[in-house]
Amino acid sequence: MTFKVPRGTQDILPEQSAKWQKVEETIRHLCHTYRYEEIRTPMFESTELFQRGVGDTTDIVQKEMYTFTDRGNRSLTLRPEGTAGAVRAYVEHKLYGLPDQPVKLSYIGPMFRYERQQAGRYRQFVQFGVEAIGSKDPAIDAEVISLAMNVYRTVGLTDLKLVINSLGDKEVREAHRTALINHFEPHIHEFCSDCQNRLEKNPLRILDCKVDRENPLMETAPSLTDFLNEESATYFEKVKHYLDLLGIEYEVDPNLVRGLDYYNHTAFEIMSTSKGFGSITTLCGGGRYHGLVQEVGGPDMAGIGFAMSIERLLLALEAEGKELETDSALEVFIVSMDDAAKEKAVELASTFRAKGIATEIDYASRKMKAQMKAADRQGAKWVLVLGEQELADNAAAVKNMETGTQEKVPFHDLVNYLQTH
Ligand code: HAM
């Protein structure tokens, strides 16, 4: 019997995880400078939270959730995204009562969607996301977008495109909804059964359909932009103004609708424009939500946020041929030539590690030459050689692997030597 990782999931082996850590470090640092503090919410929530939050008619809720009944007969769902959980926590812990609003939250963690596996699309993936809840200031929209862009730029990506749109407010969406129904209804039999169901429930979702993408009615569908009322249009203008102020380039795409129901006003996506990137080019998606906090039982507070998967960020780096500088470097490898030297090696390794010096020794009883090769493979900066003579002299032969020079250093002086050379 052999086992493989479940479809749509992957093992992150050490060589890869060094890159993950580097990305996570960059993210943590940027979140610190932008003041988005970490929130950790459970990996599963009540199913109803996502039905209400993400929206009953979305693909995520209809087709992609990992839902199960626990032993207490509760319906639970592995979180498909992080916004609903963060907003639930904001309401449950009454964070809306804190004096400083908006409350700015960030998270990094696995999300689960039962999707068709392909490059850049997994069933378990890690999202980094932020949510700024409790402000209707368009400047925060620009801040959130600028944080996302900054993450990509800091890791070295350059082939990026920011696309924005305004989905308007409730009134706008109602008017648009009616127009969409009038547009699609006479030809709805040409569409898939999902779209037929969407017509009355949520016609905006039709524009998002992967099956009927090529239908000419998609192109001619009424655009939300034409329905924007003055308040929504002014809000959008202000967001664009702040983006200009920050020197962030963007494209306005009136067809950008996003796949989740909670959005209104600002919606945005960041794409990779790298030629090497596969067919799924969206790296990051986000937007503003005004009804969600109330939907999960809180007061009338508005939020905005985004999420990006680390997997797609790493794929984009690969597509652009950019290497992340990782710091997994080994400083010292101690080569021991006999049992007595091995004991000294164990002792020295412990001393070095206590001083923060990354140290490795041989655990495979290899010959000296094989140990030297291992040190080289692992990229050691220094190799210490310990044999009968070195033990007698109370000094190790220290070889600098970059320059090839070798020196004999007394045991008691080793830490100082390694730290200062
Ligand atoms: P979303 O557009 O569903 O939005 O997902 C955001 C990002 O998560 C995508 O742009 C992509 O990077 C990543 N992603 C989604 N599905 C997959 C997958 N199957 N495999 C790999 N990566 C994936 C949300 O999740 C919203 N909660 C974003 C948000 C936060 N809006 C406001 N606040």
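Calculation notes
- Sequence order sets the numbering: in each chain, residues are counted from 1 along the sequence as written.
- Given that the model is predicted, a residue must reach a pLDDT of at least 70 before its local features are reported, and side-chain atom pairs must reach 80 or more before they are shown or counted; all residues, however, enter totals for whole chains, interfaces and linings.
- The side-chain figures draw on all heavy atoms in the structure; neither hydrogens nor water molecules are used.
- Each helix is a run of DSSP H or I of at least 4 residues and each strand a run of E of at least 2, with the numbering of both proceeding from the N terminus.
- Here the globule rule reads 2.2 Å times residues to the power 0.38, and the radius of gyration is calculated from C-alpha atoms.
- Under the scheme applied here, a residue whose accessible area is under 20% of the maximum for its type counts as buried, over 50% as exposed, and between as partly exposed, the area being computed with a 1.4 Å probe on protein chains only.
- By definition, residues are in contact when any of their heavy atoms lie within 4.5 Å.
- Only the protein chains shown count as cover for residues, with accessible areas throughout obtained via the Shrake-Rupley method and a probe of 1.4 Å.
- His is not counted, nor are the chain ends, whereas Lys and Arg count as positive and Asp and Glu as negative.
- All charge positions are set by atom: Lys at NZ, Arg at CZ, Asp at CG, Glu at CD.
- Criterion used throughout: strands pair if DSSP finds at least two bridges between them.
- For helices, the axis comes from a line fit to the C-alpha atoms of the stretch in contact; other axes are also lines fit to C-alpha atoms, and the angle between any two N-to-C directions lies between 0 and 180 degrees.
- UniProt positions are given in the numbering used here, feature names are shortened, and annotations may be inferred rather than shown by experiment.
- Grid spacing is 1 Å over the protein atoms alone, the probe is 1.4 Å, and a cavity is where that probe fits but cannot get out, while a pocket is an open set with protein on both sides within 12 Å along at least five of seven lines and lining residues have an atom within 4 Å of a point.
- We call two N or O atoms a polar contact when they sit within 3.5 Å, provided that within protein one can donate a hydrogen and the other can accept it, with sequence-adjacent residues counted only if both atoms are side-chain atoms.
- We define a salt bridge as a side-chain nitrogen of Lys or Arg found within 4 Å of a carboxyl oxygen belonging to Asp or Glu.
- Aromatic pairing here means that ring centres of Phe, Tyr or Trp (its six-membered ring) are within 6.5 Å. Orientation follows from the plane angle: under 30 degrees is stacked, over 60 is edge-to-face, and everything else is tilted.
- Here, over-ring charges are defined by two tests on the NZ atom of lysine or the CZ atom of arginine: distance to the ring centre within 6 Å, and angle to the ring normal within 35 degrees.
- Grid points are joined across faces, edges and corners, and a volume is the space filled by probe spheres set on the points.

1. Quick notes on the overall build of the protein
At step 1: Of regular secondary structure, the protein possesses 15 helices and 16 strands.
At step 2: Here the protein has a C-alpha radius of gyration of 28 Å; the compact-globule value for 421 residues is 22 Å, and the former is much larger.
At step 3: Across its three principal directions, the C-alpha atoms of the protein cover 95 × 55 × 50 Å.
At step 4: Out of the 421 residues in the protein, the part that is buried amounts to 51%.
At step 5: Contacts in the protein between residues far apart in sequence, at least 24 positions, make up 69% of those at least 6 positions apart.
At step 6: Total accessible area on the protein stands at roughly 21600 Å², and carbon and sulfur atoms take up 48% of it.
At step 7: Distance between charge centroids for the protein: 4 Å, based on 49 positive and 64 negative side chains.

2. Side note on the sheet that holds strand S2 (residues 44-46)
At step 1: In spatial order, the strands read S2-S4-S3; together these three strands make up an open sheet with antiparallel pairing. Of all strands in the sheet, those bounded by a partner on one side alone are S2 and strand S3 (66-69). In this sheet, adjacent strand axes meet at a mean angle of 35° when their direction is disregarded.
At step 2: Of the pairings in the sheet, the one linking S2 to strand S4 (residues 75-78) comprises three bridges and is antiparallel in character. Paired with Ser46 across the bridge in S4 is Leu76.

3. Quick notes on the pairing of strand S9 (residues 266-272)
At step 1: Counting buried positions over the seven residues of S9 gives seven, a clear majority of the element.
At step 2: Here S9 shows two buried faces, one formed by Thr266, Phe268, Ile270 and Ser272 and the other by Ala267, Glu269 and Met271.
At step 3: Bridge count between strand S7 (residues 160-166) and S9: seven bridges; the pairing is antiparallel. Within the sheet, the bridge partner assigned to Ser166 lies in S9 and is Thr266.

4. Details of the UniProt feature "binding site: L-histidine" (unreviewed entry) in the protein
At step 1: According to UniProt, the feature "binding site: L-histidine" (unreviewed entry) maps to Glu81, Gly82, Thr83, Arg113, Gln127, Glu131, Arg258, Tyr262 and Tyr263 in the numbering used here. Checking the annotated residues one by one, the ones that line the second largest pocket turn out to be Tyr262 and Tyr263.
At step 2: Residue placement: Gln127 occurs in strand S6 (residues 124-133).
At step 3: Of note, Arg258 is situated in the loop between strand S8 (251-252) and S9.
At step 4: Side-chain polar atoms of Arg258 contact the side chain of Glu269, separated by 2.9 Å.

5. Section: the sheet that holds S6
At step 1: Ordered in space as S1-S5-S6-S11-S10-S9-S7-S8, the eight strands form an open sheet in which the pairing is mixed. Looking at which strands have only one partner, the edges of the open sheet turn out to be strand S1 (37-38) and S8.
At step 2: Strand direction decides the pairing type here: S7 and S8, joined by two bridges, are parallel. Its bridge partner being in S8, Val163 is matched across the sheet by Glu251.
At step 3: Sheet strands in contact with helix H5 (residues 138-155) are strand S5 (103-112), S6, S7, S9, strand S10 (282-289) and strand S11 (303-309), and its direction is about 15° off that of S11.

6. So, the pattern of salt bridges
At step 1: Enumeration over the complete set of coordinates arrives at 23 salt bridges.
At step 2: Across the pair Arg198 and Asp59 runs a salt bridge whose closest N-O atoms are separated by 2.8 Å. Placement of the pair is Arg198 in helix H7 (residues 193-201) and Asp59 in helix H3 (residues 59-63), with a sequence separation of 139 residues. Residue Arg198 shares its accessibility class with Asp59, and that shared class is buried.
At step 3: Arg205 is the salt-bridge partner of Asp261, the closest N and O atoms lying 2.5 Å from each other. Linking Asp261 in the loop between S8 and S9 with Arg205 in the loop between H7 and helix H8 (216-220), this pair joins segments that are 56 residues apart in sequence.
At step 4: On the basis of relative accessibility, which here comes to 3%, the residue Arg205 falls in the buried class.
At step 5: Here the residues in one salt-bridge network are Asp59, Lys63, Asp194, Arg198 and Lys210, joined through shared partners.

7. Observations concerning the pairing of S10
At step 1: For S10, a buried count of seven out of eight residues is recorded, marking the element as mostly surrounded by other parts of the structure.
At step 2: Here five bridges tie S9 to S10, and the two strands are oriented antiparallel to one another. Across the sheet, residue Met271 finds its bridge partner in S10, namely Thr282.
At step 3: Looking at chain direction, S10 and S11 are connected through six bridges and run antiparallel. Paired with Arg288 across the two strands is Ile304, which belongs to S11.

8. A word on the packing of aromatic side chains
At step 1: Applying the stated criterion across every chain, the model contains eight aromatic pairs.
At step 2: Ring geometry for Tyr66 versus Tyr114: centroids 5.8 Å apart, planes at 75°, classification edge-to-face. With Tyr66 in strand S3 and Tyr114 in the loop between S5 and S6, this pair connects stretches of sequence that are 48 residues apart.
At step 3: Classification of Tyr114 as partly exposed rests on a relative accessible area of 45%.
At step 4: Ring-pair connections join several aromatic residues into one group, and the members of that group are Tyr262, Tyr263 and Tyr289.
At step 5: Over the face of the ring belonging to Tyr114 we find Arg123, whose NZ or CZ atom lies 4.0 Å from the ring centre.

9. Thoughts on the layout of surface pockets
At step 1: By volume, the second largest pocket is sized at about 930 Å³.
At step 2: Lining the second largest pocket are 32 residues, with Lys170, Arg173, Asp261, Tyr263 and Asn264 positioned closest to its centre.
At step 3: Counting only elements with at least two residues in the lining of the second largest pocket, the list comes to helix H2 (47-53), helix H6 (170-184), helix H9 (230-245) and helix H10 (292-295).
At step 4: For the lining of the second largest pocket, the element with the highest residue contribution is H6, accounting for six residues.

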